[in-house]
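An overview of the molecular structure
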Amino acid sequence: MNLMKRLARLLAAAASCTVVTAGAAPLLSEGFDNIATLPASGWVLQNNSSPPGTTSWFQGNPALFPAPSGPANSYIAANFNNAAFGGAVSNWLITPELALNNGEAMNFSLRLLGEGFLDRVEVYLSTSGVSTDVGFDAASTGVFTLLAAFDSTADTGWVARSVLVDGLAAPASGRFAFRYVVDDTAVNGDYIGIDAVSVNATAIPEPGAMALMLLGGCAMFGVRRRLRPRHWLAVSGLSAAALAAQAAPMDNGVMSFPNVTVVAQPSAAVAPSQEGGFKAYKDPATGKLGAPTAAQAAALNAAVQAAKPAARSRVAGPKMIHPAQGGIGVLRDKPYSSFAVASRDAGGVTEQCVSGEQAALAAMKGERK
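Below you will find a few notes about this structure. (Residues numbered from 1 in each chain as written. Predicted model: local features only at pLDDT ≥ 70, side-chain atom pairs only at ≥ 80, totals over all residues. Heavy atoms only, no water.)

Things to note about the side chain of D119
Rules: Only DSSP runs of H or I reaching four residues or more are called helices, and only runs of E reaching two or more are called strands; each is numbered from the N terminus. Relative accessibility thresholds used throughout: buried, under 20% of the residue-type maximum; exposed, over 50%; partly exposed, between the two (1.4 Å probe, protein chains only). Positive charges come from Lys and Arg alone, negative charges from Asp and Glu alone, with His and the N- and C-terminal ends not counted. A carboxyl oxygen of Asp or Glu within 4 Å of a side-chain nitrogen of Lys or Arg is what we treat as a salt bridge. Whenever a nitrogen or oxygen atom comes within 3.5 Å of another N or O atom, the pair is scored as a polar contact, on the condition that within protein one atom can donate a hydrogen and the other can accept it, and that pairs from neighbouring residues in sequence are kept only if both atoms are in side chains. Only heavy atoms matter for contacts: two residues are in contact if any of them lie within 4.5 Å across the pair.
With respect to the element layout, D119 can be found in strand β10 (residues 119-126). The side chain of D119 sits in the buried core without any salt bridge; R111 is the nearest counter-charge, 9.6 Å away. Within polar-contact distance, the side chain of D119 engages the side chain of Y180 at 2.7 Å. Looking at D119, its side chain comes within polar contact range of the main-chain nitrogen of D190, at 2.7 Å. The residues contacting D119, other than those within four sequence positions of it, are L112, L113, G114, F150, D151, S152, Y180, G189, D190, Y191 and I192.

As structure tokens, then:
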């Protein structure tokens, strides 16, 4: 890949990135610890089942299954009794009004119990602002459009799901909605649960920013044949500088761009370490890597200390560490750093990856080491 292509891709990435910080609130985050608080938060619960049954949406029942996390009953549930025996269930759970952009996703956890009876949950989207029009009978959906449907006659277990906003001609406002659907409660319908609903904002480049980005790309490619390499580096720098000129400082010193949206991302609590370097904990049950807790970090540190005498007696090279409590680490017998060095010569720009500071300095001087 030549340098011009690299620069064009870097400029495009810089112009369309999403900044993630720990300080901004998501558009929506609901764990259903107490569903009695939902109406005050802007949620709407509307049961259009026919004929009406003895239940609507209710707090999760741990006797049937517990929540995927938190208190055992901290999810919202519905069952076939939403409609009378032999009736049709159409029970709506509608989110608060949200700002909507293409690329936005609603994430949630869903479990269908089934037990031989067909359970179905549909997910809808409305771009009609505050409207909660889903009609007044079991067959109607009002201003809401179907995005996805999930059904099963067997227990699915808790499954993380996601639906995406797409096809909007311009930013809009509206609501997502869940709909529990059973065609005939005499032969179908059992019990379902929903938990951990969240929606985060997404970055949508503004027309002016897109035009500026394209102008920068055209400037680089348009002058490539007439300028020396160092000069088209300068031209691309001007394009990037024009983007940076639109930035405005935020309270915490982070720069804010017109085409960049700040979204929430909870930061994992990482325990202070007495040993240098990166540490990750591998869960022995799931195999997933994550930031260690204080106890896990202490176990990793202890394993590193125990491994050091043996490592010093070895020939130079890394030593893998596998503590009994789980996790994985690499212990090196000497400090190690990797440097990417780019240099320009008669043949153009060359790149190399070297180990150690001395080797990097030598590479910068054109020496081989």
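Regarding the pairing of strand β6 (residues 76-79)
Counted only if it meets this: Any two strands between which DSSP finds at least two bridges are classified as paired.
Alternating residues of β6 divide into I76 and A78 and A77 and N79, and every residue in both groups is buried. Here strand β5 (residues 58-59) pairs with β6 via two bridges, running antiparallel. Bridging from a neighbouring strand, Q59 pairs with I76 of β6. One ladder, built from four bridges, connects β6 with strand β14 (residues 191-200); its direction is antiparallel. Bridging across to β14, A78 finds its partner in I192.

Quick word on the pairing of strand β13 (residues 172-182)
The buried fraction of β13 is high, at nine of eleven residues. Sheet analysis places strand β7 (residues 83-94) next to β13, joined by six bridges and oriented antiparallel. Looking at β13, one finds that N91 is bridged to Y180. In this sheet, β13 lies alongside strand β8 (residues 98-100) in antiparallel orientation, the contact comprising three bridges.

Some remarks on the pattern of salt bridges
Taken as a whole and judged by the stated rule, the model has four salt bridges. Among the ionic pairs, R111 bridges to D155, the shortest N-O distance being 2.7 Å. You can see R111 sitting in strand β9 (residues 105-112) and its partner D155 sitting in the loop between β11 (145-152) and β12 (159-164), a full 44 residues away along the chain.

Here we look at the environment of R179
As for its position among the elements, R179 is in strand β13. For the pair formed by R179 and E122, sequence separation is 57 residues and the distance between their alpha carbons is 5.1 Å. Of note is the side chain of R179, whose polar atom sits 2.6 Å from the backbone oxygen of A138.

Looking at the side chain of R111
Looking at R111, the relative accessible area reads 15%, which means it is buried. At 2.7 Å, the side chain of R111 and the side chain of D155 are in polar contact. Excluding residues within four positions of it along the chain, R111 makes contact with F65, D155, T156, G157, W158, Y191, I192 and G193.

Function cannot be inferred from these measures alone, as they are strictly geometric.
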